[in-house]
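Chain and residue survey
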Amino acid sequence: MSRLPDRGRGMSLIAADHACVRFAGTEVLHDISLRVEPAEIVTIVGPNGSGKSTLLRALLGITPLAAGRVSRRPGLRIGYVPQRLQIDRTLPMTARRFLSLPRRHAPAASAAALARVGVPEVADRQMADLSGGQFQRVLLARALLTEPDLLILDEPTQGLDQPGEAAFYRLIDEVRHDTGCAVLMVSHDLHVVMSASDRVICLNGHICCEGTPQVVSHAPEYRAMFGLGTQGALALYRHEHDHDHTHDHGHDHSHYRGHGPARPRGADTRGHGHA
Amino acid sequence: MLDDFLVRAGLAGFGLSLATGPLGAFVVWRRMAYFGDATAHAAILGVALALATDLPVGLGTLAVALLMAVTVATLAARGWAMDTTLGVLAHSALAFGLVAISFVHGVRTDLSAWLFGDILAVTRGDLAQIWGGAALVAALLIWRWSALLTATLNEDLAHASGLNPDRERLVLVLALAVVVAVALKVVGALLIAAMLIIPAAAARGIARSPESMAALAVGIGAVAAIGGLGLSMWQDTPAGPSIIACAAVVFALSAIVGPLRRR
């Protein structure tokens, strides 16, 4: 498309421009610019406390910005799956009833949504009695019932075992293919994320690096943050010698030092090859 | 019919439970028990101020209860340690209220009416106030039901659905203040929180949905009111505490029967 960059910006589902978030004077998110295009899966990775959830909450309009702005395509429908939802034992709530909060959906639509996420049998069960995997799928079904253009998921596989995790990400991918919705999610399950995403954003208070999973997994910032000895090791090891990342080295990397269990040999001193 | 004080008392108890049922459910779900206590105890201060300034008692309690509820909600939003803050506020409101009321002439003797209610002395005017207030609260909660429930479940979820959790919290705060003002005559400042919590907690044992829990809480509240009045007539016990005692018995029964039924 031969659109001007500014016009192209209006096409994104959601975009942050130089967004900053401060809590009690401390800047937790600095100069974040990102956008999500239709039908793509974007994953935000980063260590604990890197502001991943805060970023999602800022994009949703829950957390106010100290600077910058967030813009959404007019009429954008967002389906949101929160990080941790604990339904108090004192609140009786069947899965079917939960799907109709806050807006009522026809029983047939609710049943179809539960079937779509693979848990048609839980409709009349109490939410508090569901397993972790079932619970997350019901949350996803609720988000899908609003026919979203964009699904926002905050660590959706927290508390699931590895097969459960992999199955959940497969489901997300299927949903994306079926409905054409875009997906923006936060995760720390590195290797699963890498295979399930079109684009990865590496966050640690600011955006350290972003790009396709291939590009990001080669980025020294990413390696410094997660090291090579973590979960990502197997996926990354074979790329260790074809380091072809282009990156501006202007900003400060010193705060990563000591975070990764195994920093890549001389990563911040040796010259990077250019693609 | 309304000439019979017992009929008026029964209607007062039933009317009150229309509001305390659904509101009590939210108090239980949102763990606002102490919040209810603080607001209710503030009512005594409201009584003292109203008597001292010759204002209607209902107005005084409503104003002070509202002030207390808003204060607590504001402090909670600023992240104060709520358990301690509410403990401080609830008990100091009661203490200041009792001190203040001791300065008002002629009230000392029937202080227990404010603390434990005086349902047998409910007048037609009181009855109108109780039903008016209860209907207002019930209508407010029914109107905001879905939004309130979503915000209770998870504030971020409510936000993402285009709701404002702060506004929904304010709805509950308002409802609580109105309930405190109208319940004072029925069960008294010390037992208002019990009237909110016990029927709702008893309903939890047998309810399958939020709506049925609220409806059951209304029913249990009404049964407790009628039963308490019966006990009071039969054994000449104080009416307010008798109502709460009846609710507690229903709670105990539901705690035993509920798990059996679920099997």
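Preceding this paragraph is the structure being described.
Read on for a plain summary of the structure. (Residues numbered from 1 in each chain as written. Chains lettered and ligands numbered in written order. Predicted model: local features only at pLDDT ≥ 70, side-chain atom pairs only at ≥ 80, totals over all residues. Heavy atoms only, no water.)

A look at the overall build of chain B
Test applied: In this text, helices come from DSSP runs of H or I with a minimum length of four residues, and strands from runs of E with a minimum of two, each type numbered from the N-terminal end. Remark: exposure states derive from per-residue accessible area (1.4 Å probe, protein chains only) relative to the maximum for the residue type, with buried under 20%, exposed over 50%, and partly exposed in between. A contact between two residues is defined here by any heavy atoms of the two lying within 4.5 Å. A 1.4 Å probe and the Shrake-Rupley method give the accessible areas. Residues count as covered only by the protein chains that appear here. Charge assignment: positive for Lys and Arg, negative for Asp and Glu; neither His nor the chain ends contribute. The location of each charge is read from NZ of Lys, CZ of Arg, CG of Asp or CD of Glu.
Each helix and strand in chain B was counted, giving 12 helices and zero strands. Taken from the N to the C terminus, the helices and strands of chain B come in the order α-α-α-α-α-α-α-α-α-α-α-α. By its C-alpha atoms, chain B is 55 × 40 × 30 Å across when sized along the principal axes. In chain B, which comprises 263 residues, the proportion classed as buried is 53%. By sequence separation, contacts in chain B at least 24 residues apart represent 74% of the contacts at least 6 residues apart. Carbon and sulfur atoms form 69% of the exposed surface of chain B, whose accessible area is close to 11,300 Å². Across chain B, the mean location of the 15 positive side-chain charges is 10 Å away from that of the 14 negative side-chain charges.

Points about the interface of chain B and chain A
What counts, and what does not: Reported buried area values correspond to the accessible surface (1.4 Å probe) lost by two parts on association, with both partners' losses combined. By definition, a salt bridge exists where a carboxyl oxygen of Asp or Glu is found within 4 Å of a side-chain nitrogen of Lys or Arg. Within 3.5 Å is the distance limit for a polar contact, defined as a pair of N or O atoms, with the added protein rule that one can donate a hydrogen and the other accept it, and that residues adjacent in sequence qualify only through two side-chain atoms. In the scheme used here, Gly and all other residues not listed as nonpolar or charged are polar, with Ala, Val, Leu, Ile, Met, Phe, Trp, Tyr, Cys and Pro taken as nonpolar and Asp, Glu, Lys and Arg as charged.
Counting residues at the interface gives 22 residues for chain B and 27 residues for chain A. When the two sides are added together, the surface that chain B and chain A hide from each other amounts to roughly 2,100 Å², 56% of it contributed by carbon and sulfur. It is L153, L157 and R208 of chain B in chain B that bury the most area against chain A; as a group they hold 29% of the surface buried on that side. The interface formed by chain B and chain A holds three salt bridges in total. D88 of chain A serves as the salt-bridge partner of R31 of chain B, at 2.6 Å between the closest nitrogen and oxygen. Counting across the chain B and chain A interface gives 11 residue pairs in polar contact (both at pLDDT 80 or more). The leading source of residues in the side of chain B that touches chain A is helix α7 (residues 145–153) of chain B, at five residues. Within the side of chain B that touches chain A, the residues separate by chemical class into 11 nonpolar, six polar and five charged.

Quick notes on a nonpolar patch on the surface
Residues and elements named next belong to chain B. The test is simple: In this analysis, a patch consists of residues with relative accessible area above 30% that form no salt bridge, clustered at 9 Å for like charges and at 5 Å for the nonpolar side chains Val, Leu, Ile, Met, Phe, Trp and Tyr.
Residues V70, L170 and L174 make up a contiguous nonpolar surface patch of about 240 Å² in total accessible area. Topologically, L170 is positioned in helix α9 (residues 165–187). Assessed through its relative accessible area of 46%, L170 is described here as partly exposed.

With respect to α9 of chain B
All names here are of chain B. Convention followed: A helix is expected to reach a length of 1.5 Å times the quantity of its residues less one. What the bend at a residue measures is the angle between two axes, fitted to the seven residues ending there and to the seven starting there.
Given a rise of 1.5 Å per residue, 23 residues ought to cover 33 Å, and the 31 Å separating the end C-alpha atoms of α9 matches this to within 8%. The principal kink in α9, of about 30°, is found at A181. With respect to burial, α9 is a largely interior element, 17 of its 23 residues being buried. Sitting at the amino-terminal end of α9 is N164, which places a side-chain oxygen 3.0 Å from the backbone nitrogen of D166. Backbone geometry just downstream of α9 places G188 in the positive-phi region, at approximately 85°.

Things to note about the layout of surface pockets
All names here are of chain B. Keep this limit in mind: In this analysis the probe radius is 1.4 Å and the grid spacing 1 Å, with only protein atoms considered; a cavity is a set of points the probe fits into but cannot get out of, a pocket is an open set with protein on both sides within 12 Å along at least five of seven lines, and lining residues have an atom within 4 Å of a point. Grid points are joined across faces, edges and corners, and a volume is the space filled by probe spheres set on the points.
Counted as a void, the largest pocket has a volume near 650 Å³. What lines the largest pocket is a set of 24 residues, among which R30, R31, T152, E155 and R169 lie closest to the centre. Elements supplying a minimum of two residues to the lining of the largest pocket: α2 (33–53), α3 (57–77), α4 (82–103), α7 and α9. Split by residue class, the lining of the largest pocket holds 15 nonpolar, three polar and six charged.

Side note on the packing of helix α1 (residues 5–29) of chain B against α7 of chain B
All names here are of chain B. Just so we agree on the cut-off: Orientation is described by lines fitted to C-alpha atoms, with helices fitted over the stretch in contact, and by angles between N-to-C directions that extend from 0 to 180 degrees. Relative orientations are named as follows: roughly parallel for angles under 35 degrees, roughly antiparallel for angles over 145 degrees, roughly perpendicular for angles from 65 to 115 degrees, and oblique for any other angle. Crossings are classed by handedness, with left-handed meaning an anticlockwise turn of the near helix from the far one by less than a right angle and right-handed meaning a clockwise turn.
Axis separation between α1 and α7 bottoms out at 11 Å; the angle between their running directions is 15°. Between α1 and α7, the angle is such that the two are roughly parallel. With respect to the hand of their crossing, α1 and α7 are arranged in left-handed fashion. Between α1 and α7, the residues in contact are P22, F26 and W29 and W145, L148, L149 and T152, respectively. Looking at side-chain class alone, the contact of α1 with α7 contains six nonpolar, one polar and no charged residues.

Observations regarding the sheet that holds strand β7 (residues 182–187) of chain A
All names here are of chain A. Just so we agree on the cut-off: By the convention used here, strands pair only if DSSP detects at least 2 bridges between them.
Read across the sheet, six strands follow the order β5-β6-β7-β3-β8-β9 without closing on themselves; strand pairing throughout is mixed. Across the chains shown, the open sheet's two edge strands, defined by having one partner strand only, are β5 (78–81) and β9 (207–211). For this sheet, the mean inter-axis angle between neighbouring strands, taken without regard to orientation, is 15°. Pairing analysis gives four bridges linking strand β8 (residues 199–203) to β9, with the strands arranged antiparallel. Of the residues in β9, the one forming a bridge with V200 is G211. Lying over the sheet, helix α5 (residues 132–144) contacts β5 and β6 (150–154), oriented at roughly 165° with respect to β5.

Some points on the pairing of strand β2 (residues 26–36) of chain A
By the bridge criterion, seven bridges tie strand β1 (residues 14–23) of chain A to β2 of chain A in an arrangement that is antiparallel. Paired with I14 of chain A across the strands is V36 of chain A, a residue of β2 of chain A.

Thoughts on the packing of aromatic side chains
Keep this limit in mind: Ring pairs shown here join Phe, Tyr and Trp side chains whose ring centres sit within 6.5 Å, with only the six-membered ring taken for Trp; geometry is labelled stacked below 30 degrees between planes, edge-to-face above 60, and tilted in between. Think of it as a cone above the ring: NZ of Lys or CZ of Arg counts as a charge over the ring if it is within 6 Å of the ring centre and within 35 degrees of the ring normal.
Following the criterion strictly, the structure yields four aromatic pairs over all chains and no others. Centroid distance F26 of chain B to W29 of chain B: 5.1 Å. Interplanar angle 80°. Geometry classified as edge-to-face. With F26 of chain B and W29 of chain B both in helix α1 and three residues apart, the pair spans about one turn of that helix. Exposure remark for F26 of chain B: the relative accessible area of 0% places this residue in the buried category. Given the relative accessible area of 4%, W29 of chain B is considered buried. Linked through ring pairs, F26, W29 and W145 of chain B together constitute an aromatic cluster. Across from the ring centre of F98 of chain A, 5.9 Å away, lies the NZ or CZ of R142 of chain A, which sits over that ring. Over the face of the ring belonging to W143 of chain B we find R144 of chain B, whose NZ or CZ atom lies 4.9 Å from the ring centre.

What to know about the sheet that holds β2 of chain A
All names here are of chain A. An order of β2-β1-β4 is seen for the three strands of this open sheet, with the pairing classed as antiparallel. Pairing within the sheet leaves two strands with one partner each, and these edge strands are β2 and β4 (67–72). Averaged over neighbouring strand pairs, the angle between their axes works out to 25° when direction is ignored. Pairing of β1 with β4 involves five bridges; the strand directions are antiparallel. Note that in β4 the partner of A16 across the bridge is V70. In this fold helix α2 (residues 52–60) packs onto β1, β2 and β4, with an angle of close to 60° to the strand it touches most, β2.

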